[in-house]
Every structure is written in C-alpha cells, then in structure tokens.
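Chain residues, written in single-letter form:
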Amino acid sequence: MEITPHIDPSRDNWQAFKDLPRDEPIHMLNLLLYRDQAEYPEGHEHAGKGWSGRRAYEEYGKTSGPIFRRVGGETVWRGAFQTMVTGPEGRPWHDGFVAQYPGAGAFFEMVSDADYQLAVVNRTAALIDSRLIRFKPGEVGAGFG
C-alpha cells in the first residue's frame, strides 16, 4: 500500500482549519515518522552534522518550545507507537502527542512568529511523514460515549 507522506498542510486543509472558530480551546493530534537522517537545506547551521530525524525533531522542540508555551500551548498527552490496531498497515508512526491551545488564534500566533519560522526548519528536516489533526476537546470519563 502506497501512502503519500505529508509534512505541511495542503492549501485546502489549511483553509478548512482557518475557517473553524478561533476562540475556543483546541487539541492538535500530532503523529510523527522520523527520517533516518535529517535533511537540512544546504548551508543551514545543522546541515552536515549527521543528525538523525529524531535528533532534529528534538532541536525543533527545544527552539519552538518557548513560543509554544508563550501562546498558552501545553502537551496534554504523549506516547511512543507500538502497533496499528485499526488503520493502514504500512504506516508505523514513531511518536504521537496531543498539544492543547487556548484557541486556534494562539496556534496562528505561534506559526507566524519569526523565531518559530526559524525553528520549523528542524521539523521539516526531521520528518518523512506526519499528521496534524485538529479536535475540539470533549468531556473525558470512564466510558466511550
């Protein structure tokens, strides 16, 4: 089964995200598949260091983290992939996490920040594939419904 990799949102997906309410809390599910070897653009300060994709993503976390926290973001769940139970067999994710934002406006503030624009190069260099899925937080408890 051929699965098309995704690193950045398509124009249509980005517009759909922008069209949703911006003033309510959101959860963003992140699924990550790292490159064996990070792929930095020629001339970038980390090009040629031989970093793994995981190491490049750690750099992304280190450099984007202060901006993420400044806009009110926090990680509410994190896990390491073990096996696909329901879904395509050809996509084993390395890691996943859920980031919570006070609203989509905070997410837009983060991604438009000049320092974030420098940091996101590490994310692009790190990943061979990813998914970023927006959810409206719901009630939690003991049941499924």
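Report on the accompanying structure. Not measured: the values here are computed from a predicted model.

## So, the overall build of the protein
Link 1 in the chain: From N to C terminus, the protein includes four helices and four strands.
Link 2 in the chain: Compactness check: the protein gives a C-alpha radius of gyration of 16 Å against a globular reference of 15 Å for 145 residues, within 12% of the reference.
Link 3 in the chain: Split into buried and exposed, the 145 residues of the protein put 37% on the buried side.
Link 4 in the chain: Within the protein, contacts between residues at least 6 apart in sequence are counted, and of these 77% link residues at least 24 apart.
Link 5 in the chain: When the accessible surface of the protein is summed, it comes to about 9400 Å², and 52% of that surface belongs to carbon and sulfur atoms.
Link 6 in the chain: Considering the protein, the positive charge centre built from 16 side chains and the negative charge centre built from 20 side chains are found 2 Å apart.

## Observations regarding the packing of aromatic side chains
Link 1 in the chain: Scanning the model with the defined rule gives twelve aromatic pairs in all.
Link 2 in the chain: Both rings, one in tryptophan 14 and one in phenylalanine 108, keep their centres 5.4 Å apart while their planes meet at 85°; by these two values the pair is edge-to-face. Taken together, the residues tryptophan 14 in helix H1 (residues 11-19) and phenylalanine 108 in helix H3 (residues 104-112) connect sequence positions 94 residues apart.
Link 3 in the chain: Residue tryptophan 14 is classed as partly exposed on the basis of its relative accessible area of 28%.
Link 4 in the chain: Taking the relative accessible area as the measure of exposure, phenylalanine 108 reaches 13% and is therefore buried.
Link 5 in the chain: Residue placement shows arginine 55 over the ring face of tryptophan 51; its charged tip is 3.9 Å from the ring centre.

What counts as what
- Residues numbered from 1 in each chain as written.
- Predicted model: local features only at pLDDT ≥ 70, side-chain atom pairs only at ≥ 80, totals over all residues.
- Heavy atoms only, no water.
- Helix = DSSP H or I, 4+ residues; strand = E, 2+ residues; numbered from the N terminus.
- Rg over C-alpha atoms; globule rule 2.2 N^0.38 Å.
- Buried < 20%, exposed > 50% of the residue type's maximum accessible area, 1.4 Å probe, protein only.
- Contact = heavy atoms within 4.5 Å.
- Areas by Shrake-Rupley, 256 points an atom, 1.4 Å probe, with all protein chains shown as cover.
- Lys, Arg positive; Asp, Glu negative; His and termini not counted.
- Charge placed at Lys NZ, Arg CZ, Asp CG, Glu CD.
- Phe/Tyr/Trp six-rings, centres within 6.5 Å; stacked < 30°, edge-to-face > 60°.
- Lys NZ or Arg CZ within 6 Å of the ring centre and 35° of its normal.

The quantities given are spatial measurements derived from coordinates; they are silent on function.
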